[in-house]
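An overview of the molecular structure
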Amino acid sequence: MNTSAGSVRPSVVPREVLTARTGVAVVFGLNGLAVASWFARVPAARDALGLTPGRLGLLLLALSAGALLALPVAGMLTQRLGTARTVGASAVLAALGLALAGIAAGSWHAVPAVAVGLFAVGYGSGTCDVAMNVEAAAVERRLGRTVMPRFHAAWSLGTVAGAIAGAGSARFGVPIGLHLGLAAAVMLAGTLPAVRSFLPRRAVPRPDPATGPNRAAGALAAWREPRTLLIGLLLLVMAFTEGTANDWLALAFVDGHRVTDAVGALAFGVFVAAMTIGRTVGTVALDRWGRVPVLLGTIMLAAIGATVAVLAGSWPLALAGVLLWGLGTSLGFPTGMSAAADQEDRAAARVSVVAAIGYTAFLAGPPLVGLLGDRVGSLRALLVVPLLLLPALLLAPATRPPAEARAEQQDDDGGCLSVPGAEPVDSWAEPVDSWAEPVRSRAEPVDGRDGPADRSAPVSSP
């Protein structure tokens, strides 16, 4: 049996897990495309509405406020409705908000209406974020190895597509309302069919009252767990690092490096492309060396890259800094989400808590950078990113799987560890670099936590 950093893969992956994996990846990708479509048109919206950096930061606050109001209840909503229904409903809300924001900015020039649209985008995206990460963690657990960053890579790939579409729309003068309306339609057309392939409802179990208060999956209990709070603080810094680039990078390049809007959109595209690459190949590093060493290295890389992006004397060199910034930021958020979901019965509550803490960065980040931008310029204001990343190095150890999660997996796998991203326990462990290629052995097929796999539905390599 192939072991990867303490993880044991099931010998045969059930077809429903592979189908759910594809559906989750599609949802992540389309969510990223919709969000990036707005971020890529921020300079155009700023010009159409005639906003200063400070007022633009306050407008962007509406998106973050919507997300933060959604996150405290998103875990309970996911447990009550299931991940598929929650993702579907939240995607409809986010799409309607995106279309409204585009029309209000491009045609009506109405700041309040744009704020309402962005609030709906934030509320829908925040709810969807918790539900799709809970589903992704369930799929990852059944695959028996680290794949969460690849789902977030699908999100980043969607943002690459959104950035390219945004750059093209800016270059050829496509109205912002038309652009964002089409992006909303594409999001709905792909997300609603994709959620039908999610794992059966039983894959995200409800808390068992018989297990006692120490096993409660409620959000209040999760808020009292030191490890969960530390992971949340790590996500706070990483969300600020990622969100600052999303919100301000295109504009900072235009204003600070004196480039065109198209080059500003290109800088944003380089960032999300680097994020996509890091999340795609980073799973190999996580399975080989474990979460903590990889996070320490990538956080340092992000700090160096952000500094170069700001202080470089030419915009091509600054783009190289953006590349490092994106690579270094890539694994922080998905690894934190995976760590919060190490125990399946508490996953929804803990993911909701760490997401709520992490999304605080999207609430404080836009006005903070905007106010700094009024004083020192939008480009120099980005130096706040490396200043926050260095203390975050102390939070990385919190992502180690807890002892009780490892014990759960030992019970489920007959004494073999199966915690994706766990610290290496065998020096001979080899990394696995594929999505879900089945590995056969003499052992009996095991379907994660749900008992023997269905032998009547053999699965070939995806």
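Shown above is the structure to which this text applies.
Because the structure is a prediction, the values reported are computed rather than measured.

1. Considering the overall build of the protein
Along its length, the protein carries 16 helices and two strands. When each of the 462 residues of the protein is scored for burial, the buried share is 60%. Long-range pairs, those at least 24 residues apart, make up 85% of the contacts in the protein with a sequence separation of at least 6. When the accessible area of the protein is evaluated, it comes to approximately 17,100 Å², of which 66% is carbon and sulfur surface.

2. Focus: a nonpolar patch on the surface
Taken together, the side chains of Val92, Leu96 and Leu192 present a nonpolar region at the surface, about 250 Å² in accessible area. Assignment of secondary structure puts Leu192 in helix H7 (residues 176-194). You can call Leu192 partly exposed: its relative accessible area is 37%.

3. What about the pattern of salt bridges?
Two side chains that carry opposite charge are able to pair once their charged atoms sit near each other. In the structure shown here, the tally under the stated rule is seven salt bridges. As a salt-bridge pair, Asp47 and Arg46 come within 2.7 Å of each other at their nearest N and O atoms. Taking relative accessible area as the criterion, Arg46 reaches 14% and is therefore assigned buried. The salt bridge partner of Glu242 is Arg279, with a shortest N-O separation of 3.3 Å. Remark: Arg279 occurs in helix H10 (residues 261-289) and Glu242 occurs in helix H9 (residues 226-256); sequence separation between them is 37 residues.

4. Description of the packing of H9 against H10
Where H9 meets H10, the closest approach of the two axes is 6 Å, and the angle between their N-to-C directions is 150 degrees. As the angle between them shows, H9 and H10 are arranged roughly antiparallel. Here H9 and H10 pass one another in a crossing that is right-handed. For the pair H9 and H10, contact is made by Glu242, Ala245, Asn246, Leu249, Ala250, Phe253 and Val254 and by Asp261, Gly264, Ala265, Ala267, Phe268, Phe271, Val272, Met275 and Arg279, respectively.

5. Some points on the packing of helix H1 (residues 15-40) against H7
Relative orientation and spacing of two packed helices are given, respectively, by the angle between their axes and the distance between those axes. Where H1 contacts H7, the axes come no closer than 9 Å and their chain directions differ by 170 degrees. Comparing their axes, H7 and H1 come out roughly antiparallel. The interaxial crossing formed by H1 with H7 has left-handed handedness. Residues Gly23, Val26, Val27, Leu30, Asn31, Leu33, Ala34, Ser37 and Trp38 of H1 touch H7, and the partners they reach there are His179, Leu180, Ala183, Val186, Met187, Gly190, Thr191 and Ala194. Tallied by class, residues from the contact of H1 with H7 come to 11 nonpolar, six polar and no charged.

6. Description of helix H6 (residues 148-172)
With 25 residues, H6 extends 36 Å between its outermost C-alpha atoms, agreeing within 8% with the 36 Å of an ideal straight helix rising 1.5 Å per residue. Positioned one or two residues after H6, Gly173 has a phi angle of 70 degrees, which is positive.

7. A short note on unusual backbone geometry
At His109, a position not held by glycine, the phi torsion is positive, near 55 degrees. Summarising the element assignment, His109 is placed in the loop between helix H4 (83-108) and helix H5 (111-143). Positive phi, normally seen in glycine, also occurs at Arg258, with a value near 55 degrees. Tracing the backbone through its elements, the reader meets Arg258 in the loop between H9 and H10. Given the relative accessible area of 72%, Arg258 is considered exposed.

Reading the values: the criteria
Residues numbered from 1 in each chain as written. Predicted model: local features only at pLDDT ≥ 70, side-chain atom pairs only at ≥ 80, totals over all residues. Heavy atoms only, no water. Helix = DSSP H or I, 4+ residues; strand = E, 2+ residues; numbered from the N terminus. Buried < 20%, exposed > 50% of the residue type's maximum accessible area, 1.4 Å probe, protein only. Contact = heavy atoms within 4.5 Å. Areas by Shrake-Rupley, 256 points an atom, 1.4 Å probe, with all protein chains shown as cover. Patch = residues over 30% accessible without salt bridge, like charges linked within 9 Å, V, L, I, M, F, W, Y side chains within 5 Å. Salt bridge = Lys/Arg side-chain N within 4 Å of Asp/Glu carboxyl O. Axes fitted to C-alpha atoms, helices over the stretch in contact; angles between N-to-C directions. Parallel < 35°, antiparallel > 145°, perpendicular 65-115°, else oblique. Left-handed = near helix turned anticlockwise from the far one by under 90°. Nonpolar A, V, L, I, M, F, W, Y, C, P; charged D, E, K, R; others polar. Expected span 1.5 Å × (residues − 1).

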